[in-house]
Amino acid sequence: MTTFRSLLDKVDERLGDALEHALCAHHERRLRRLGWGEVLEPTGTEDRFGGRAATRHGNRLEVLVDGEEALPAIAAAIRGAKSHVHIANWHASPDFRLTREPDAPTLRDLLASTAQRGVDVRLLLWAGPPVPAFQPTRGLVRAEQRKFTENTAVRCVLDARERTMHCHHEKLVVVDDEVAFVGGVDFTALEGDRHDSREHPPDRPIGWHDLMTRLAGPVVADVAEHFRQRWTEVAGEDLPEPKTPEPAGTTNVQLLRTVPDKTYAFAPEGEFTILDAYLRALRSARRLVYLENQFLWSPEIAEVLIGKLCDPPDEKFRVVLLLPRKPSNGADTTRGQLGRLLDADDGNHRLLATTISSHDGESSAPVYVHAKLGIVDDEWMTIGSANLNEHSLFNDTEVNVATDDRDLIRATRLRLWAEHLRRPAADLDADPTDVVDNLWRPIAEDQAERERRGEPRTHRLVLLPGVSRRAERLQGPLRGLLVDG
């Protein structure tokens, strides 16, 4: 039986390799045809900000961790709007409340009262899948649209220009072209509790770890222009070009996008600057790659990480992943790529794949990792809506921001590590490799061993279960070729 299983593993691996090669070749042909082929070519001297996205200077970028911090900040900005509020989101529910305060208005009422004050409120949502195979269905979205607009001055437009089996996935808010929010937080309770806090109490159906950025300064004009471009085509309403705000800080910021080709007239060949930025940054990594993401399917991303693990640039090089225990889809796909990464690591403990849950004594509940964060060497960071799969890097509309503000990046990493390790950030202010080897790994491995023995866990951090060097390879590239490609 063992020999037969080993043979199946080998066949699965070989077929997976072949399909993945076909998927990567398809992506390469597509990008070359569109004039984006250089994205996939290493330059040898990777300039993390040397891609095709403009770098804006003089910004303020704040990282808002988890919904308890992000959502009230967005609500306050909307309440203070003077000219306009522009929102683009995967989905928004009219009855969603941005805060848990007893008298908090629903999103519908907040936007309606804002519009009643004479503020232009525009809401751009994905229309839902053409076939009602998953949420939010087109029927649900149309019903929600009516609730936003009936007896209000709110404009709500549905965008059905998605590629087959894909969506408009970005999450952004622009207020008065002076402040913008970009990240991963949706305005809905579909699939989980967006209001979660860094404590992740287990009294909620599904905990939710997420990130948002608040932006001020010249980069806000780039966010506003992206909304204007989509809105003009979908709604047929011309909006004035946004004015560039005065400098508001000292941080350099790039707006990064995925815009599929043949979707909009403003980018007929598409835009793939999120893929470009990730590949540039990961190729340049010397000591640390830290990724929080909902998925890890992309073979292009995996290949760079595999190369780093096989030939580490430094003895202290580490890759730390924080992923959901049970993603909404694609669990086997992610596990297959992780199996390849473990093979590349070959027992050298440079790779650590983890997840988190919430705990309160004997009770526990999963925490869904929905954040989309990449940090490289505390010198480059991206936050936004893009997952590390073919959907987000090639086929959905997505918006991320990236920065090289080292103080901000390091502070963000320490905040997140303090949340996940349940230690004060000051205790983690050491060599990242030492923190990974002496805290991250021992805690995660100890909790995994407790699970294996059937004992209650005592910490939220644990090794991602179901990952082995014999993980199924076939499902990932097959899914990518048939659906994502």
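Structure: above.
What counts and how
- Residues numbered from 1 in each chain as written.
- Predicted model: local features only at pLDDT ≥ 70, side-chain atom pairs only at ≥ 80, totals over all residues.
- Heavy atoms only, no water.
- Axes fitted to C-alpha atoms, helices over the stretch in contact; angles between N-to-C directions.
- Helix = DSSP H or I, 4+ residues; strand = E, 2+ residues; numbered from the N terminus.
- Parallel < 35°, antiparallel > 145°, perpendicular 65-115°, else oblique.
- Contact = heavy atoms within 4.5 Å.
- Nonpolar A, V, L, I, M, F, W, Y, C, P; charged D, E, K, R; others polar.
- Buried < 20%, exposed > 50% of the residue type's maximum accessible area, 1.4 Å probe, protein only.
- Pairing = 2+ DSSP bridges.
- Right-handed = clockwise from strand over helix to strand, strands pointing away.
- Expected span 1.5 Å × (residues − 1).
- Polar contact = N/O pair within 3.5 Å; in protein donor to acceptor, adjacent residues only side chain to side chain.

## Quick look at the packing of helix α6 (residues 273-284) against helix α7 (residues 299-310)
Taken N-terminus to C-terminus, the directions of α6 and α7 make an angle of 5 degrees; their axes are 9 Å apart at the nearest point. By the criterion of interaxial angle, the relationship of α6 to α7 is roughly parallel. Facing Y278, L279, L282, R283 and S284 of α6, the residues of α7 in contact are E300, I301, V304, L305 and K308. Residues of the contact of α6 with α7, tallied by class, amount to six nonpolar, one polar and three charged.

## As for the pairing of strand β3 (residues 120-126)
Of all seven residues making up β3, six are buried, and the element is well covered by its neighbours. The pairing of strand β2 (residues 84-89) with β3 spans six bridges and is parallel. Note on β3: the bridge partner recorded for H86 is R122. After leaving β2, the chain enters helix α3 (residues 107-116) and then returns to the sheet as β3, a path that is right-handed. Across five bridges, β3 lies against strand β4 (residues 155-159) in parallel orientation. By the bridge assignment for β4, L123 is matched with C156. Crossover handedness for the path β3 to helix α4 (residues 138-149) to β4: right-handed.

## Comments concerning helix α2 (residues 67-79)
Here α2 spans 18 Å end to end across 13 residues, near enough to the 18 Å set by a 1.5 Å rise per residue. Buried residues of α2: G67, A70, L71, A73, I74, A75, A77 and I78, and no others. Among the structural elements, β1 (55-65), β2, α3, β5 (172-175), β6 (179-183) and β8 (211-216) are those in contact with the buried residues of α2.

## Details of the environment of E233
Within the element layout of this structure, E233 appears in helix α5 (residues 219-235). Considered as a pair, E233 and D261 are 28 residues apart in the sequence and their alpha carbons are 15 Å apart. Not counting residues within four places of it along the chain, the set of residues in contact with E233 comprises R161, Y264, A265 and F266. A distance of 2.8 Å separates the side chain of E233 from the side chain of R161, its partner in a polar contact. Here F266 takes part through its backbone nitrogen, which lies 2.8 Å from a polar atom of the side chain of E233.

## A closer look at the environment of V289
Mapped onto the elements, V289 comes out in strand β11 (residues 288-292). Take V289: its relative accessible area is 0%, and that puts it in the buried class. Considering only alpha carbons, one finds V289 and L321, 32 residues apart in sequence, at a separation of 8.3 Å. Residue contacts for V289: discarding those within four places in its chain leaves L282, L305, F317, R318, V319, V320 and I375.

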